[in-house]
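What follows is the residue order along each chain.
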Amino acid sequence: MSDIILETKGLTKHYGGVHALEGADFVLNRGEHVAIMGDNGAGKSTFVRQITGVEQRTRGEVIFNGSPVNFAGPLDAREAGIETVFQTLALADDLNVPDNLFLGREKTKLNWLGPFRLLDYKAMREDTMAGLVKTGVKIPNIKNTIANMSGGQRQCVAIARTATFASKLTIMDEPTAALGVQETAQVENIVRTLKDQGESLILVSHNMRQVFDLVDRIIVFRRGRIVANLNKSETDGNDVVSYITGAKTGAEFEGAA
Amino acid sequence: MSDESQGVGGLTYDKSKRQWPNELNVFGALILIIAIFEILGQVLPYMNGQSLLFDTRDRFDSIFNEQRLRIIIVQVAIIGIIALGVTQVIITAGIDLSSGSVVGATAMIAMSFAQVAEVNGNPNPKAIFGEWALDLPWLIPVLVGLLVGTVAGIINGILVAYSRIPPFIATLGMMLFARGVAQWWSKGNPVSFPTESYAKIGAGMMPVIIFLSLAILFHFIMNYTVYGKHTYAIGSNEQAARMSGINVPRHLVLVYVIAGMLAGLAAVILTSKNLTAQSGMGLTYELEAIAMAVIGGVSLFGGRGSIIGTVIGALIIGVITSGFTYLKLGAYYQEMALGMIIVGAVALDQWQQQRAASRS
Ligand SMILES: Nc1ncnc2c1ncn2[C@@H]1O[C@H](COP(=O)(O)OP(=O)(O)OP(=O)(O)O)[C@@H](O)[C@H]1O
Ligand SMILES: [Mg+2]
């Protein structure tokens, strides 16, 4: 097994005339935590969507865990071992916490009944409790529907969902954008737990302090292209900002942007 | 939210935050409507103190007026069967306008396989097909009926799920098409004289027994199976359902197929009960079925509602219909009242939705 968990080569996505992502070459090592930064509309979420099969890429290659992959949808990616917290939360408002955690991969009984197989509510509730305890997420009543929860609590549910299931790679797209101080600290703790467990992570974030606290490496996107690949120890906040704004471009990316 | 309610690790169970089931409100509305009719029965001078549901002849065996109760539930049972399917479609944030016409088409086609060979010693004057289709066992027309409903459901489902045609338009097309099929089938002539065994399917209280059994079955399915969970999830947030890996188009087709099958079954029961099939059968049933669901608290925005709610909604419609007859008021008042109640139910849902949105 190689050290690389995820690699993209020339990953490109055009929406009609909009070149949202252009020739992204990216490498993530096993157990490594990498941040993706960049201004609004730089293409960060687009990059995430191409990797996780939410959208089909225009061209380029994605190599996951040693083999080229072509996920038809997010479930494929999940089954391969990629857990994602999307920026637009993928939660069903009218369902409660366990239902959302297990949506699309319910624990079931009597599976020969096909689509009418029975839900194993008890097992799902127990696993949900365990997952919430493990991640330290606080939810007053897991039987309440998501609609009755605050934005931060919803976000916590989405993140608990990611952390509850063992995966090879976790991707979080701006997981703390809507959170208060306490909840943000909680999410950061979850990220640290993942680091200790040796799980690889891609963290999309605008929060400079958070990024420097949590990750090993920073990738900067600008107008659909990767413009910098910085080791945390060799850079600082001002440096990153100058890449984000376009004052600087990484040597190996000259001519790209 | 207060700080005490924030438990650690999701372990606290804050009872004050528990949700009040919507079905209780609907049930309350049913009781309220019955009470209004009972009071009017006492108050209106020409009613002579009659009661809508209770026995006023001082018999010893029962406090209820069974005859009226029976009329109410048989009346709503057949459309109620359709409403069970419509409920599921609406929970996916869809709509099915075709069910009434599918009843019409299915009635004609299924009945053509349920005819007797001889009427009073003469060959059946209404026979649609040759001898091969006469005196068949009852199961064959039933299966034909379910098949016709299923085909309509598959077409609806594919149009909605794969062609991305809005459900309103797709099922409106099916509504016109199926009514056309019903009229074309025997050039407008009724199809009559069913076999004795076929006539038993919808006789007496059979429609009610079938309706309640199906209601229990689908209540179970919607609450305890993956099918039910995914139906709610799709109506709640289709994008989230897709991102969670649910095969949304395939699931939608299944939902529309179940709705179509239930419409087909309703047609079988209706023709069996009436001993004849006519091309105009099922007219406006789709609207009454939708009304039952909506009054029962099924949200047209999708994601919310229940089979129990729809059953209570069906009872409300039944009570209103017979209540107006009991007060000797014309059918037009009844339709006006139903119209207002439906709009009121949707307005209430809209209001609740907005209140929920402004809270979060
Ligand atoms: N479905 C779409 N159709 C057309 N254009 C799109 C679509 N999705 C994204 N875009 C465009 O692609 C570009 C990149 O968008 P993307 O969402 O990847 O930005 P981002 O870096 O995640 O920004 P933010 O920090 O605001 O989340 C933007 O210009 C956006 O308008
Ligand atoms: Mg984004």
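In this text the structure is predicted, and so the values were computed from the model without any measurement.

What about the overall build of chain B?
Scanning chain B for helices and strands turns up 13 helices and four strands. Relative to the 2.2 N^0.38 estimate, which gives 21 Å for 360 residues, the radius of gyration of chain B is 23 Å and therefore close to what a compact globule would have. Dimensions of chain B, computed from C-alpha atoms along their principal axes, come out at roughly 85 × 60 × 35 Å. Within chain B, buried positions represent 52% of all 360 residues. As displayed, chain B offers around 16,700 Å² of accessible surface, 67% of which is attributable to carbon and sulfur atoms. Of note, chain B has its 20 positive side-chain charges centred 5 Å away from the centre of its 19 negative side-chain charges.

Observations regarding the packing of helix H1 (residues 22–43) of chain B against helix H12 (residues 307–326) of chain B
Residue and element names in this part refer to chain B. Where H1 contacts H12, the axes come no closer than 9 Å and their chain directions differ by 10 degrees. On the basis of the axis angle, H1 is roughly parallel to H12. Between H1 and H12, the residues in contact are Glu-23, Val-26, Phe-27, Ala-29, Leu-30, Ile-33, Ile-34, Phe-37, Glu-38 and Gly-41 and Ile-308, Gly-309, Ile-312, Gly-313, Leu-315, Ile-316, Val-319, Ile-320, Gly-323, Phe-324 and Tyr-326, respectively. Of the residues belonging to the contact of H1 with H12, the class tally is 15 nonpolar, four polar and two charged.

Focus on the site of ligand 1
Residues and elements named next belong to chain A. Not every one of the 14 residues close to ligand 1 is listed here, only the nearest: Asn-40, Gly-41, Lys-44, Ser-45 and Thr-46. A distance of 3.0 Å separates an oxygen atom of ligand 1 from a polar atom in the side chain of His-206. The biggest single contributor to the shell around ligand 1 is helix H1 (residues 44–51), with four residues. Split into classes, the residues belonging to the shell around ligand 1 amount to three nonpolar, seven polar and four charged.

Here we look at unusual backbone geometry
Located in the positive-phi region is Asn-65 of chain A, a residue other than glycine, with phi close to 55 degrees. As for its placement among the helices and strands, Asn-65 of chain A is situated in the loop between strand E4 (59–64) and strand E5 (67–68).

Considering the environment of Leu-143 of chain B
Residues and elements named next belong to chain B. You can see Leu-143 is positioned in helix H4 (residues 139–161). On the basis of relative accessible area, Leu-143 is assigned to the partly exposed category, the value being 49%. Along the backbone, Leu-143 and Tyr-162 are 19 residues apart, and their C-alpha atoms lie at a distance of 27 Å.

Re the layout of surface pockets
Over the atoms, a rolling probe the size of a water molecule traces out where space has been left empty. All names here are of chain B. Here the second largest pocket defines a volume of roughly 510 Å³. Of all elements in the fold, only helix H2 (66–91), helix H10 (248–274), helix H11 (285–295), H12 and helix H13 (331–359) reach the threshold of two or more residues within the lining of the second largest pocket. Per-element accounting of the lining of the second largest pocket gives the leading share, six residues, to H13. For the lining of the second largest pocket, a count of residues per class yields 13 nonpolar, six polar and three charged.

Description of the nonpolar core
If you look at the biggest cluster of nonpolar residues, it comprises 108 residues, and the most contacted ones within it are Phe-37, Ile-81, Leu-214 and Val-319 of chain B. No other element matches H10 of chain B, which puts 16 residues into this core. Met-124, Val-157, Met-172 and Leu-179 of chain A belong to the second largest nonpolar core, which has 42 residues in total.

A few points about the packing of helix H8 (residues 226–236) of chain B against H10 of chain B
Residue and element names in this part refer to chain B. Two elements in contact, H8 and H10, have axes whose closest approach is 11 Å; the angle formed by their N-to-C orientations is 110 degrees. With respect to H10, the element H8 is oriented roughly perpendicular. Along the contact surface, H8 presents Tyr-227, His-230, Thr-231 and Ile-234, while H10 presents Val-248, His-251, Leu-252, Leu-254, Val-255 and Ile-258. A class-by-class count of the residues in the contact of H8 with H10 yields seven nonpolar, three polar and no charged.

Rules behind the numbers
Residues numbered from 1 in each chain as written. Chains lettered and ligands numbered in written order. Predicted model: local features only at pLDDT ≥ 70, side-chain atom pairs only at ≥ 80, totals over all residues. Heavy atoms only, no water. Helix = DSSP H or I, 4+ residues; strand = E, 2+ residues; numbered from the N terminus. Rg over C-alpha atoms; globule rule 2.2 N^0.38 Å. Buried < 20%, exposed > 50% of the residue type's maximum accessible area, 1.4 Å probe, protein only. Areas by Shrake-Rupley, 256 points an atom, 1.4 Å probe, with all protein chains shown as cover. Lys, Arg positive; Asp, Glu negative; His and termini not counted. Charge placed at Lys NZ, Arg CZ, Asp CG, Glu CD. Axes fitted to C-alpha atoms, helices over the stretch in contact; angles between N-to-C directions. Parallel < 35°, antiparallel > 145°, perpendicular 65-115°, else oblique. Contact = heavy atoms within 4.5 Å. Nonpolar A, V, L, I, M, F, W, Y, C, P; charged D, E, K, R; others polar. Near = heavy atom within 4 Å. Polar contact = N/O pair within 3.5 Å; in protein donor to acceptor, adjacent residues only side chain to side chain. 1 Å grid on protein atoms, 1.4 Å probe; cavity = no way out; pocket = protein on both sides within 12 Å on 5 of 7 lines; lining within 4 Å. Points joined across faces, edges and corners; volume = space filled by probe spheres on them. Core = buried A, V, L, I, M, F, W, Y, C linked by side-chain atoms within 4.5 Å.

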